[in-house]
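What the coordinates show
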Amino acid sequence: MKKGLLITVEGPDGAGKTSVLQEILPLLNTLLAGQLVTSREPGGVVIAEAIREVILDLNHSAMDAKTELLLYIAARRQHMVEKVKPALEQGQCVIMDRFIDSSVAYQGYGRGLDIEAIQWLNHYATDGRLPDLTLYFDVSSDIGLSRISQNGQREVNRLDLEQLELHQQVRAGYQALAKAYPERIVTIDASQDFESVVADTVQVLRPFLAKHQGEES
Ligand code: TYD
């Protein structure tokens, strides 16, 4: 690959996207032979991980919604400049756990902030680089929330304390995005059992990577 590929993985809390990514990592490493970079938002580089700590700190319940949005955007910018852009310029495939759509779904649909302003900020932070493919893990709020409460190992953060309504709004946001950008966003039914979600994910990724590697070699 010469140009580099940006693939993002999105979904409401409890969709299982992080576990699925973990599960398919060996396969991705094989398919992408030395060309794979994985990362996450907020975080991925030292400065963005420090911003993540500020956002997710349980003691910061007084945080204003716009402050929160701007911190996510600041973390995104730093991560983009330090890690994502250089990797893409070297022709690597960057797979990211959360990206621009999280801001629209969580801060826009979830917190009710202006969607157009968020999209402008996303564009500003990324210099307009969109993902080549986004896997959206769609899960009902009942299943998503019950998975979070069952998973005692998972880090409990301030955002997990939010109610069912927020989860539903976030899901509605993702569904609206998937409808608005069908050429970029592929929906995976993450309410299924883990093996089926993994199988569906591989079924989307394998031909996508084969096509792009073929085009650019
Ligand atoms: P994390 O523990 O990484 O959750 P997950 O494993 O589900 O990704 O916490 C990230 C949280 O940050 C998650 O609740 C979604 C939220 N988030 C936003 O609200 N806006 C954003 O722009 C991003 C990147 C994340």
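Above: the structure in question.
The paragraphs below set out a description of the structure included in this document. Keep in mind the model is a prediction, meaning the values are calculated, not measured.

Conventions adopted
Residues numbered from 1 in each chain as written. Predicted model: local features only at pLDDT ≥ 70, side-chain atom pairs only at ≥ 80, totals over all residues. Heavy atoms only, no water. Phe/Tyr/Trp six-rings, centres within 6.5 Å; stacked < 30°, edge-to-face > 60°. Helix = DSSP H or I, 4+ residues; strand = E, 2+ residues; numbered from the N terminus. Buried < 20%, exposed > 50% of the residue type's maximum accessible area, 1.4 Å probe, protein only. Near = heavy atom within 4 Å. Polar contact = N/O pair within 3.5 Å; in protein donor to acceptor, adjacent residues only side chain to side chain. Areas by Shrake-Rupley, 256 points an atom, 1.4 Å probe, with all protein chains shown as cover. Nonpolar A, V, L, I, M, F, W, Y, C, P; charged D, E, K, R; others polar. Salt bridge = Lys/Arg side-chain N within 4 Å of Asp/Glu carboxyl O. Axes fitted to C-alpha atoms, helices over the stretch in contact; angles between N-to-C directions. Parallel < 35°, antiparallel > 145°, perpendicular 65-115°, else oblique. Left-handed = near helix turned anticlockwise from the far one by under 90°. Contact = heavy atoms within 4.5 Å. Pairing = 2+ DSSP bridges. Core = buried A, V, L, I, M, F, W, Y, C linked by side-chain atoms within 4.5 Å.

**Quick word on the packing of aromatic side chains**
Each aromatic ring pair is specified by the distance between its two centres and by the angle formed by the two planes. Taken as a whole and assessed by the stated rule, the structure comprises three aromatic pairs. Seen in terms of ring centroids, Trp120 and Tyr124 are 5.0 Å apart; in terms of plane orientation they differ by 15°. Their pairing is stacked. Of this pair, Trp120 and Tyr124 both sit in helix α5 (residues 115-126), separated by four residues, roughly a single helical turn. Given a relative accessible area of 57%, Tyr124 falls into the exposed group. Seen from their ring centres, Tyr136 and Tyr174 are 5.0 Å apart, and the 20° between their planes marks the pair as stacked. Separated by 38 residues along the polypeptide, Tyr136 in strand β4 (residues 133-138) and Tyr174 in helix α7 (residues 164-180) bring together distant segments of the chain.

**Topic: the site of the ligand**
With respect to spatial proximity, 17 residues lie near the ligand, and among them Lys17, Arg52, Arg98, Ser103 and Gln107 are the closest. Within the side chain of Tyr72, one N or O atom sits 2.9 Å away from an oxygen atom of the ligand. Relative to its unbound accessible area of 550 Å², the ligand is 93% covered by the protein chains. For the shell around the ligand, the elements supplying multiple residues, two or more each, are α1 (17-32), α2 (46-56), α3 (65-89) and α4 (100-110). If one sorts the elements of the shell around the ligand by residue count, α4 sits on top with four residues. The class makeup of the residues in the shell around the ligand is five nonpolar, five polar and seven charged.

**Describing the pattern of salt bridges**
For the coordinates displayed, the defined rule picks out 11 salt bridges. Arg40 is the salt-bridge partner of Glu49, the closest N and O atoms lying 2.9 Å from each other. Taking relative accessible area as the criterion, Glu49 reaches 24% and is therefore assigned partly exposed. Residue Arg40 is classed as partly exposed on the basis of its relative accessible area of 33%. For Asp127, the salt bridge is made with Arg77, and the minimal N-O distance between the two is 3.0 Å.

**Some words on the packing of helix α6 (residues 141-150) against α7**
Where α6 contacts α7, the axes come no closer than 10 Å and their chain directions differ by 120°. If you check the angle between α6 and α7, you find them oblique. α6 and α7 meet at a crossing whose hand is right-handed. Residue-level contacts link Ser141, Asp142, Gly144 and Leu145 of α6 to Leu164, His167 and Gln168 of α7.

**Some thoughts on the sheet that holds strand β2 (residues 36-40)**
What the five strands build is an open sheet, ordered β2-β3-β1-β4-β5; its pairing is parallel. Edge strands, defined here as strands with exactly one partner in the open sheet, are β2 and β5 (185-189). Shown here is a sheet whose adjacent strand axes are inclined to one another by a mean of 20°, direction ignored. Where β4 and β5 come together, five bridges link them in parallel fashion. Opposite Tyr136, over in β5, you have Thr187 as the bridge partner.

**A word on the environment of Arg76**
Checked against the element boundaries, Arg76 lands in helix α3. The class for Arg76 is buried, based on a relative accessible area of 2%. Arg76 has contacts with Glu41, Phe99, Ile100, Ser103, Asn122, Ala125 and Thr126, leaving out every residue within four places of it along the chain. Here Phe99 takes part through its backbone oxygen, which lies 3.2 Å from a polar atom of the side chain of Arg76. Looking at Arg76, its side chain comes within polar contact range of the side chain of Ser103, at 2.8 Å.

**Considering the nonpolar core**
Ile7, Ile95, Phe137 and Leu209 are the most contacted members of the largest nonpolar core, which has 24 residues in total. Elements supplying a minimum of two residues to this core: β1 (5-10), α1, β3 (93-97), β4 and α8 (194-216). In this structure, Val104, Ile118, Val170 and Leu177 belong to the second largest nonpolar core, which totals 16 residues.

Remember, this is a structural readout, not a statement about activity or role.
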